Amino acid sequence: MLTIRHGVATDTGNVRAQNEDAFFASGTLFAVADGMGGHNAGEVASALTTQLLGALPQGAVSTPEAFVEVVQQINQSIYQAATTATEQRGMGTTLTALAVVANDDGAEPPHMVLANVGDSRAYLLRDGQMRQLSVDHSYVQELVTEGLLTADEARTHPRRNIVTRALGIDIAVSVDSSVIPIIAGDRFMLCSDGLVDEVPPNEIESLCLLQANPGDAANALVAAAKKHGGRDNITVIVIDALSPAAVPSETTNNDASISTAQPNRSRSAILIGAVVLVVALFTLFIVGARNARSGYFLDFDGTQSSAEVTVYQGSANGFLWFGPTVAFVSDVSRGDVLSALEREIDRKPQFDSLKEAKSYIVQLAEVAGGNG
Ligand code: MN
């Protein structure tokens, strides 16, 4: 009925000596694990994780509860291995995994069960749009959640590799799990941070859209990560769900886990709103600043009788910090002009150009001269 096709690519990258990432991919279970710990211990932790997943009987992780329990058991196995072998002390691994539940009997709508610990990620590409299904357990993600960092800042943050949860570190671990209905045409993607730390999200999305074959997509993503620097190991699994006839229509909106994509969407809506607001404010600012700078007015440069008639550029009231500036200082003083003209100048008469303002002063001087 529903056909699942997948492609995998993994690479040591351009800098690291070893590939501590591990993966497992069968037709129904997919996992990426990113190991950490010195002396090859990270490699041991990630490989142990994917081996234990690979040894599971069919259907062992078809519910979120079962998947969480299995991952917690794997955690204990790694933790015990880490505490017994001194060279493996402190080893740990991330795990992001998808189990396909698509029984041919049609008893339940086809869906994925996701389990996640750490900062490897799961994505869904649906209707040409990429959504992140997993939430990183990392220091920078916590800052993003608290609104202290943007997702873009987190991507290049110097502390982005600090994970707050991993398998093997403690006797117990908290595992995130959710259910995602599968719609024909869906493309799922699992990856280690070696991809997302290097390749911007829009490039990941367009590469996923461009490559029809899941294996080509996985290869293209790994190649992009290496082109952008390849500073970490990179592992990508692309999983396609095919065959429209096999998918009951009610699967489109029957599960709360679809809402895992909502924060991203509303976040981008907020972001677009913020950008629009900033552009609008900036435009107002430029217009206001320009208006504040355009035009001239006359004023005395003081209240004393020696204060001179001065031409100022800008608005008499100023705009933000754009106060008027002195454009010309005449030799006509307050004491020189008739009191009627003095009052008029105190009202700060406006002129479109400096020339007009100056010719007004020339007339003032003539009147003053005639007066004196
Ligand atoms: Mn990594």
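Placed above this text is the structure.
Residues numbered from 1 in each chain as written. Predicted model: local features only at pLDDT ≥ 70, side-chain atom pairs only at ≥ 80, totals over all residues. Heavy atoms only, no water.

Novice: Describe unusual backbone geometry, naming the residues involved and giving the relevant values.
Specialist: Its identity is not glycine, yet D127 carries a phi of approximately 55 degrees, on the positive side. Mapped onto the secondary structure, D127 falls in the loop between β7 (121–126) and β8 (129–132). With phi around 60 degrees, K348 is a residue other than glycine that occupies positive phi space. (Helix = DSSP H or I, 4+ residues; strand = E, 2+ residues; numbered from the N terminus.)

Novice: Which residues make up helix α2 (residues 64–84), and what values do they have?
Specialist: The first and last C-alpha atoms of α2 sit 30 Å apart over 21 residues, in line with the 30 Å expected at 1.5 Å per residue. Considered for burial, the residues of α2 that qualify are P64, F67, V68, V70, V71, I74, N75, I78, A81 and A82. Viewed along the axis of α2, the buried residues span an arc of 160 degrees, placing them on a single side of the element. Exposed and facing more than 90 degrees away from the buried side of α2 are E65 and T84. Contacts made by the buried residues of α2 are with β3 (29–36), α1 (41–54), β4 (92–93), β5 (95–101), β6 (111–117) and β9 (176–181). (Expected span 1.5 Å × (residues − 1). Buried < 20%, exposed > 50% of the residue type's maximum accessible area, 1.4 Å probe, protein only. Arc of directions from axis to C-beta. Contact = heavy atoms within 4.5 Å.)

Novice: Give a description of the sheet that holds strand β12 (residues 296–300) that names residues and reports values.
Specialist: Here four strands make up an open sheet; going across it, the order is β14-β13-β12-β15 and the pairing antiparallel. Across the chains shown, the open sheet's two edge strands, defined by having one partner strand only, are β14 (325–333) and β15 (350–351). Here strand β13 (residues 308–313) runs beside β14; their pairing, made up of five bridges, is antiparallel. Note that in β14 the partner of E308 across the bridge is S333. (Pairing = 2+ DSSP bridges.)

Novice: I'd like to hear about the side chain of T94, residue by residue, with values.
Specialist: Assignment of secondary structure puts T94 in the loop between β4 and β5. In terms of polar contacts, T94 uses its side chain to reach the side chain of S120, at 2.6 Å. (Polar contact = N/O pair within 3.5 Å; in protein donor to acceptor, adjacent residues only side chain to side chain.)

Novice: Go over the sheet that holds β8 with me, naming the residues and quoting the values.
Specialist: Strand order across the open sheet formed by five strands is β1-β11-β10-β7-β8, with antiparallel pairing between neighbours. Unpaired on one side and paired on the other, β1 (3–11) and β8 mark the two borders of the sheet. Between one strand axis and the next, the sheet turns by 20 degrees as a mean value, whatever way the strands run. Sitting on the sheet, helix α6 (residues 201–210) is in contact with β7, β8 and β10 (187–191), with an inclination near 125 degrees to β8. (Axes fitted to C-alpha atoms, helices over the stretch in contact; angles between N-to-C directions.)

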